[in-house]
Amino acid sequence: MKINEDDLKLIIENVLDKLGKTEGKIENSDSLSTEKSSQDGIFSDINSAINAAESAQIEFIKLSLEKRGEIIRNIRQTILDNLEKISKMAIEETSFGRFADKIEKNRLAALKTPGLEDLEPTAYSDDHGMTLTERAPFGVIGSIIPSTNPTSSVINNGISMIAGGNAVVFNPHPAAKNSSNFTISLINQTVVKAGGPQNVLCSIKNPTIDSAHILMEHPKIKLMVVTGGPAVVKAAMDSGKKVIAAGPGNPPCVVGQTADLEKAGRDIVNGAGFDNNIVCLCEKEILAVSQITDKLKEEMKKNGAYELKGEQIEKVTELVIADPGKPGHEGAPNKKYVGKDAYLIARDIGLTISPETRILLCEVNKEHPLVWTEQLLPVIPLVRFDCIDDAMDFALKCEHGFRHTASIHSKNIATLSKMAKMMDCSLFIKNGPNYSGIGFGGAGYTSFTIATPTGEGMTRARTFTRERRCVLVGYFRIV
Ligand code: NAD
């Protein structure tokens, strides 16, 4: 039998692949890693990364809190010094989003992710003596990173988890591995320069779904944190390990008749257009009371929305929706258009519009697939309702019960409270762009892992720690 060059390559790749997987299984049961050195935390196989992280964590936890605090301060500075570089890498590798918005996301993660201050110990004292509660690390955490925030999620998880005294093994998205891994390396170099151990953050050169599963099942991984769509959340939940899961959303944005329409129009375009809508919490559908809809659309158009009509809406739907799903059920977007600029999407339906356009606005009916699908791109459906109660009832349906994010523009405090309660979401934003919910122009800290399915919400350093209590009976009251 004659074997041509391509067949030979395929055979060799298959053999290497099998060897790699077998190694993974053997090591998973007995963890005999051989790869000792890495390029700033980036290993060629996941078991070596796990073992290195385990050794690093043992050393890391010996450092003083003061040193841990200094390391975190230096990490923040390193990210600020490299904002342009990592933002450019993320956009070039994934072709998702907008450069200026990526800079803001990375800056936000560097500056507003809580550090050690989030771990404040608590003490109780009464007639029985004194009780102290402190927060301890889990050890080595496994973290699965999405393609949509490949650098900001690493910065955010990295700072939070290190602040908690943990080491981390990341499994980045295969399509965003270089920018995630570069960010991990930068952080590792900073830790070492500040006097910490090597490999506090680890990853692998070529992450895959298989390596994610090894991570999920590995006995040395004490906590799994996953940020992504429904498949990875389900896989992690099925692993039997303790999981913190940040899953998908489909945030509805309701606009009532009392809203400040000038502000609402501007906020919605800024929010829905942020990083071309690839952020899970961005406004994904607008549900407006009919009486104010025309004025709202006018305000949106003044701020960078371009309204599509009739046949244009049909064409754009065909383009960006791969599977239309059905009312009450999600479909799937066409990956080719995820995170793309609005003007490029418009170009593909034969429309030339300004590259400054932030969103393509489409007024549609309630059954339309644009409403039910988490598209992660700047084509934004708008539906009219007779009254605000109908809009809010519909918001509950098209959010699919994810309980992730929802928002409202209204000055009626009864309406604001009613919707906040009925949506029951991890994030609820009143009278602002949705991104203000993660501390970008809104009060409070930031998180890029909003753990809705498992209930932790906006994760932070304390989320990644174990609470430990020590009780001294009969002494230590000072009064
Ligand atoms: P994705 O689900 O395709 O991938 C996310 C990560 O999971 C990747 O690393 C991928 O390799 C891994 N993965 C996917 N399927 C897996 C499986 N079956 N087993 C093991 N690993 C698997 O998501 P994406 O396109 O990278 O990111 C967008 C999705 O993530 C959206 O649904 C968005 O809403 C969600 N997201 C949520 C949050 C949040 O905080 N809740 C933040 C960012 C993104």
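**Q** Explain the site of the ligand to me, using residue names and the numbers behind them.
**A** In the region of the ligand, 30 residues are neighbours, and Ile145, Ser147, Gly229, Glu374 and Ile450 sit closest. A distance of 2.7 Å separates an oxygen atom of the ligand from a polar backbone atom of serine 147. Note that an oxygen atom of the ligand is positioned 2.7 Å from one of the backbone N or O atoms of isoleucine 450. When the free accessible area of the ligand is taken as 830 Å², the share hidden by the protein chains comes to 88%. Assessed atom by atom at 2 Å from the grid points, the ligand resides in the largest pocket. Mapped by element, the contributors of at least two residues to the shell around the ligand are helix H8 (209-217) and helix H9 (230-238).

**Q** Tell me about the sheet that holds strand S8 (residues 243-246), and name the residues and values.
**A** The parallel open sheet is built from six strands, whose spatial order is S1-S6-S5-S4-S7-S8. Both outer strands of the open sheet, strand S1 (42-43) and S8, are each paired with one neighbouring strand and no more. Relative to strand S5 (residues 167-171), strand S4 (residues 140-144) is paired through five bridges, and the arrangement is parallel. Paired with valine 140 across the strands is alanine 167, a residue of S5. On the sheet, helix H6 (residues 152-163) packs against S4, S5, strand S6 (201-204) and strand S7 (221-227) and is oriented at approximately 155° with respect to S5.

**Q** I'd like to hear about a nonpolar patch on the surface, residue by residue, with values.
**A** On the surface, a cluster of nonpolar side chains totalling about 360 Å² of accessible area is made up of Leu472, Tyr475 and Phe476. Tracing the sequence through the fold places phenylalanine 476 in the segment after strand S20 (465-473). Exposure remark for phenylalanine 476: the relative accessible area of 58% places this residue in the exposed category.

**Q** Give me unusual backbone geometry: which residues, what numbers.
**A** Phi is positive for asparagine 199, close to 70°, though the residue is something other than glycine. By the element assignment, asparagine 199 lies in the loop between helix H7 (177-193) and S6. With a phi angle near 60°, arginine 403 is a residue other than glycine that sits in the positive phi range. Following the sequence through the fold, arginine 403 ends up in the loop between helix H15 (388-398) and strand S16 (405-409). According to the relative accessible area criterion, arginine 403 is partly exposed, its value standing at 43%.

**Q** Go over H6, please, and point to the residues and values.
**A** With 12 residues, H6 should cover 16 Å at 1.5 Å per step; its first-to-last C-alpha distance of 16 Å lies within 8% of that length. Within H6, 12 of the 12 residues are buried, which leaves it mostly tucked inside the rest of the structure. By the burial criterion, the buried members of H6 are Ser152, Ser153, Val154, Ile155, Asn156, Asn157, Gly158, Ile159, Ser160, Met161, Ile162 and Ala163. One or two residues past the end of H6 sits glycine 165, with phi positive at roughly 90°.

**Q** Which residues make up the environment of asparagine 206, and what values go with them?
**A** Along the chain, asparagine 206 falls in the loop between S6 and H8. In sequence terms asparagine 206 and glycine 437 are 231 residues apart; their C-alpha atoms lie 34 Å from each other. At 2.7 Å, the side chain of asparagine 206 and the side chain of lysine 177 are in polar contact.

Rules behind the numbers
Residues numbered from 1 in each chain as written. Predicted model: local features only at pLDDT ≥ 70, side-chain atom pairs only at ≥ 80, totals over all residues. Heavy atoms only, no water. Near = heavy atom within 4 Å. Polar contact = N/O pair within 3.5 Å; in protein donor to acceptor, adjacent residues only side chain to side chain. Areas by Shrake-Rupley, 256 points an atom, 1.4 Å probe, with all protein chains shown as cover. 1 Å grid on protein atoms, 1.4 Å probe; cavity = no way out; pocket = protein on both sides within 12 Å on 5 of 7 lines; lining within 4 Å. Sits in = over half its atoms within 2 Å of the grid points. Helix = DSSP H or I, 4+ residues; strand = E, 2+ residues; numbered from the N terminus. Pairing = 2+ DSSP bridges. Contact = heavy atoms within 4.5 Å. Axes fitted to C-alpha atoms, helices over the stretch in contact; angles between N-to-C directions. Patch = residues over 30% accessible without salt bridge, like charges linked within 9 Å, V, L, I, M, F, W, Y side chains within 5 Å. Salt bridge = Lys/Arg side-chain N within 4 Å of Asp/Glu carboxyl O. Buried < 20%, exposed > 50% of the residue type's maximum accessible area, 1.4 Å probe, protein only. Expected span 1.5 Å × (residues − 1).

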